[in-house]
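Next come the chains, spelled out residue by residue.
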Amino acid sequence: MSTKEPDSHSPQAASTAAQALAAAGDADSARDVGALDDAAKQAALRLGAHKRSLVERLIYGPLPETSELQSGAEGAARVDTQAGDAVMHAALAALERGEAFTADGKLADALRKEVAAAGGYGFTVPREYGGKAGEYTQLALVEEEMAANGLGPLAVEISGELTIGAGSLLAYGTDAQKQTFLPMVSDGQLMAFGLTEVGIGVNAKKVRAYVEPDPKGSGYRLFAQGDRNKLWITNATHGGLVGIVARIGETGKKVGLFITRLPEENVQKGEDSDYEFWCQSSNTGAFTANYNSRIHFDNFPLQQDSEIPADGVEVLFYCLRMGRCMLAAMAAGYQRMFAADASAYAKGREGVGGKVIKHELPRQHLGKMIGGALMSRALSHLSLRQDKEGVDLAGLRDLTKSAAATSALEAQIACERVLGGRSFDKLSRVHDARHNMHVFGVVEGEDDLILMGMVKDVTDSFTTKYMAGMLGVLQSLNVDADGKPLPRDERLLRITPATAIDQPGKVFTATKRLLSNLSFWKLAGWVGGNALIEVLRLPLLLLPTSISPRHQLLPKDLAGYARFAERRLRWLRWAYLSINLYFQLELTRAQIPLQRLGKVIELLTSMLATAHHAASTRDPSQIRVAALQCEQLMTRVKGMRLITGLWQMDRLRKHVAGVGEDIEKGNCTLLDGVEPQAFSHPFEAKPPKR
Ligand SMILES: Cc1cc2nc3c(=O)[nH]c(=O)nc-3n(C[C@H](O)[C@H](O)[C@H](O)COP(=O)(O)OP(=O)(O)OC[C@H]3O[C@@H](n4cnc5c(N)ncnc54)[C@H](O)[C@@H]3O)c2cc1C
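Residues numbered from 1 in each chain as written. Predicted model: local features only at pLDDT ≥ 70, side-chain atom pairs only at ≥ 80, totals over all residues. Heavy atoms only, no water.

Caption draft 1: View of the overall build of the protein chain. Counting its secondary structure elements, the protein chain contains 22 helices and 11 strands. Computed over the C-alpha atoms, the radius of gyration of the protein chain is 26 Å, within 12% of the 26 Å expected from 2.2 N^0.38 for a compact globule of 690 residues. When the backbone C-alpha atoms are referred to their principal axes, the protein chain occupies close to 75 × 70 × 60 Å. Residues counted as buried form 54% of the 690 residues belonging to the protein chain. Residue pairs at least 24 apart in sequence account for 73% of intrachain contacts in the protein chain once pairs closer than 6 positions are excluded. A total accessible area of about 31300 Å² is found for the protein chain, and carbon and sulfur atoms account for 55% of it. When the 80 positive and 79 negative side-chain charges of the protein chain are each reduced to one mean point, those points stand 7 Å apart. (Helix = DSSP H or I, 4+ residues; strand = E, 2+ residues; numbered from the N terminus. Rg over C-alpha atoms; globule rule 2.2 N^0.38 Å. Buried < 20%, exposed > 50% of the residue type's maximum accessible area, 1.4 Å probe, protein only. Contact = heavy atoms within 4.5 Å. Areas by Shrake-Rupley, 256 points an atom, 1.4 Å probe, with all protein chains shown as cover. Lys, Arg positive; Asp, Glu negative; His and termini not counted. Charge placed at Lys NZ, Arg CZ, Asp CG, Glu CD.)

Caption draft 2: Region of the structure containing helix α22 (residues 646-665). The end-to-end C-alpha separation of α22 is 28 Å, in line with the 28 Å expected for 20 residues at 1.5 Å each. Buried within α22 are the following residues: L646, M649 and R653. Buried residues of α22, seen end-on, are gathered within an arc of 45° and therefore sit on one face of the element. Opposite the buried face of α22, at more than 90 degrees from it, the exposed residues are W647 and K654. Of the surrounding elements, those touching the buried residues of α22 are α19 (556-583) and α20 (591-617). Directly after α22, the chain includes G666, whose backbone phi takes a positive value near 75°. (Expected span 1.5 Å × (residues − 1). Arc of directions from axis to C-beta.)

Caption draft 3: Quick look at the pairing of strand β3 (residues 220-224). Counted residue by residue, β3 has 5 buried out of 5 residues, so it is predominantly covered. Going residue by residue along β3, you find Y220, L222 and A224 tucked away on one face and R221 and F223 tucked away on the opposite face as well. With 4 bridges joining them, strand β2 (residues 210-213) and β3 adopt antiparallel strand pairing. In the sheet register, Y210 faces β3, and the bridge partner there is F223. Counted between consecutive antiparallel strands, the loop separating β2 from β3 contains 6 residues. Relative to strand β8 (residues 292-302), β3 is paired through 5 bridges, and the arrangement is antiparallel. Counted as the bridge partner of Y220 is L302 from β8. (Pairing = 2+ DSSP bridges.)

Caption draft 4: How the structure looks around unusual backbone geometry. A cis amide bond links G61 with the next residue in sequence, P62, at an omega value of -5°. Of note, P62 is situated in the loop between α3 (54-60) and α4 (66-69). With a phi close to 55°, A133 is a non-glycine residue in the positive phi region. Unlike most non-glycine residues, N235 shows phi in positive territory, near 75°.

Caption draft 5: Structural detail: the pattern of salt bridges. In total, this model carries 38 salt bridges according to the counting rule given. Between D37 and K456 there is a salt bridge; the shortest N-O distance is 2.7 Å. Of the two residues, D37 is situated in helix α2 (residues 27-47) and K456 in helix α15 (residues 447-476); the sequence distance between them amounts to 419 residues. Its salt-bridge partner being K599, residue E602 comes within 3.1 Å of it at the nearest N-O pair. Of this pair, E602 and K599 both sit in helix α20, 3 residues apart, which is roughly one turn of the helix. Like E602, the residue K599 is buried in the burial classification. The network of salt bridges with common partners includes E144, E145, R336 and R377. (Salt bridge = Lys/Arg side-chain N within 4 Å of Asp/Glu carboxyl O.)

Caption draft 6: Geometry of the environment of S218. When you line up the elements, S218 lands in the loop between β2 and β3. Taking the C-alpha atoms as reference points, S218 and G351, 133 residues apart in sequence, are found 72 Å from one another.

Caption draft 7: Examining the site of the ligand more closely. For the ligand, the set of nearby residues contains 16 residues, the closest of which are T196, V202, W232, T234 and E446. T234 is positioned with one of its side-chain polar atoms (N or O) 2.8 Å from a nitrogen atom of the ligand. Measuring from a nitrogen atom of the ligand, one finds a side-chain N or O atom of Q591 at 2.9 Å. Taken by itself the ligand offers 980 Å² of open surface, and the protein chains cover 62% of this. (Near = heavy atom within 4 Å. Polar contact = N/O pair within 3.5 Å; in protein donor to acceptor, adjacent residues only side chain to side chain.)

Caption draft 8: Structural view of the packing of aromatic side chains. Tallied over the full model, the rule gives 19 aromatic pairs. Ring geometry for Y220 versus F258: centroids 5.3 Å apart, planes at 75°, classification edge-to-face. In this pair, Y220 is assigned in strand β3 and F258 in strand β6 (residues 255-261), connecting sequence segments 38 residues apart. By relative accessible area, which is 1% here, F258 ends up buried. By the ring-pair criterion, three or more aromatic residues cluster together here, those being Y60, F462, Y466, W526, W574 and Y576. In this structure, R46 is placed above the aromatic ring of Y172, and the distance from its NZ or CZ to the ring centre is 4.2 Å. (Phe/Tyr/Trp six-rings, centres within 6.5 Å; stacked < 30°, edge-to-face > 60°. Lys NZ or Arg CZ within 6 Å of the ring centre and 35° of its normal.)

By themselves, these figures tell us nothing about what the structure is for.
Set out below in structure tokens:
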């Protein structure tokens, strides 16, 4: 790996993560991560944020003003909160009349019609295209209210419609595409985004659906057969609009995006048709009230002007940030719904020794539901404000989604503990919510993967500036005299005291190269400067929070938590450095430490956001909820050791590797005699060896 600092603003420059993977000899991952990073960087360039990410500043400084931390709540209080009233009124009226869902639990067309007439489907679409020109923060308020009132599936539908549906057209569509399709969206025509395929999941750049120029006309023909079928596409239905991510040319490198309207019914090849199309339920047990489809295209005609001039995966990254904020708003709503239903039950139900509500454990569960709701709302509103003000959302958009999805699932369980058997009643909305709460952790990016991506994003400048030299030196040891990579088992990923005994020559060379490397001296300077600042700050630790200028204006029940979160976030710069120095190039494979660090960043930022959000509302009951939520988050942070847990993580990784290897090689005897069930939507891959 070159020790030259890559230009982090140039999408062509391989990301530090991709370079590190290449240096560790993991060419496949380096290629995949590099391709995804390029798409993410292009999306960031398009967004044109002019301020560094909040999470990065919380860790590496300068510390953001408290007004910035409260800007989400303040922004939400300033918007016209009645903008969504007509939409909510229409939706709730349909629900009350029993017209919101069909007998088999699907969203009813009657509901869609009423909500569309009230402007719900074009809520954030500009007026010139028939929309209501609402702000995303106003949409978040509507999404939350829908989910809070048993209309979560409608919130899911509208979120998809507006964040990645209309959102992709608004950001990347041509004028003609906007003129044609956005009025349809405003009228309530469903719009989907089809990226996932039977054969491709999280590795989005590998899509295999493709287009070829139409030999008969000026447009394209789309091919997505077999395991190239688009799968789990929310909002996709006959007659609906869909943005389809497809490769340009079967073996082409470019991944495009095409908008089309699906036929009203399946089409078979024959005398009347030279193409084939079908759209059927994906048979998922989540989002069951919504359309969720598997779609097949064979020689399907796409008009020339259906091509959205952009990379399909870049569009996904661009729109995901809004999708994640809306998911957090929905999670806030769902959790308020759980708390409302569970508290009504607890207040009415006699438990052992009095009403259930009187007892401490059910109260703690209720606190978890309502605290998760407040936290999800705080993060969603803060992210939306930051986005509006041109702050890079790297980090915040990811932890917002992960924190909200995790708390929603935990709130579901907490609700079940209070509601008991009735939470499994087939007609209860708590029961209905269960699958959606699980799938929130998977859609819009799987939580653990996005936490690792977040760590990469918020530490990228530091890694590029200070760590690249060390990685480069290690990499230089992994090539032979002709510059060719050494065989895998001869590569050195980590220099430990034992290496000095086993391979003193290599350690000597590494030390020599390191000492003559400018980046190493930069790192040494960084360590010295930052350590000195920490030492000078030590006396400040003794200052009571009540007289800390930065925290004394916060309610006294919250000030200590905010202070704790800020201090611990600042200390994470040392945790990241330690993890790097300890794991070195092996960090490309060591997911456990990165995920753990990501989780701690998530918990601390959530604490800070929740405390400031509640403080800004000045609502005593929300301040109490925030204090409880912060206490619970703090307990979890204290249980997650980073610097002092390095050896423990090594042990854990060793055990994980042992069990994983046994399972991979079919040597785990506990699995003997258990035949795996064939999974749905089988893809073309060798069956797992067992
Ligand atoms: C209800 C529902 C609605 C959806 N809606 C849409 C939609 O509208 N449009 C759309 O395009 N897609 C949609 N999806 C697809 C969703 O985005 C994918 O399920 C998701 O991207 C994961 O893909 P996968 O399920 O194929 O998992 P896989 O890609 O098979 O991954 C399996 C697991 O392995 C993990 N994994 C993979 N690689 C690594 C790695 N390097 N390190 C660690 N872990 C790894 C993943 O995180 C995941 O947990 C939907 C899915 C569902 C279930």
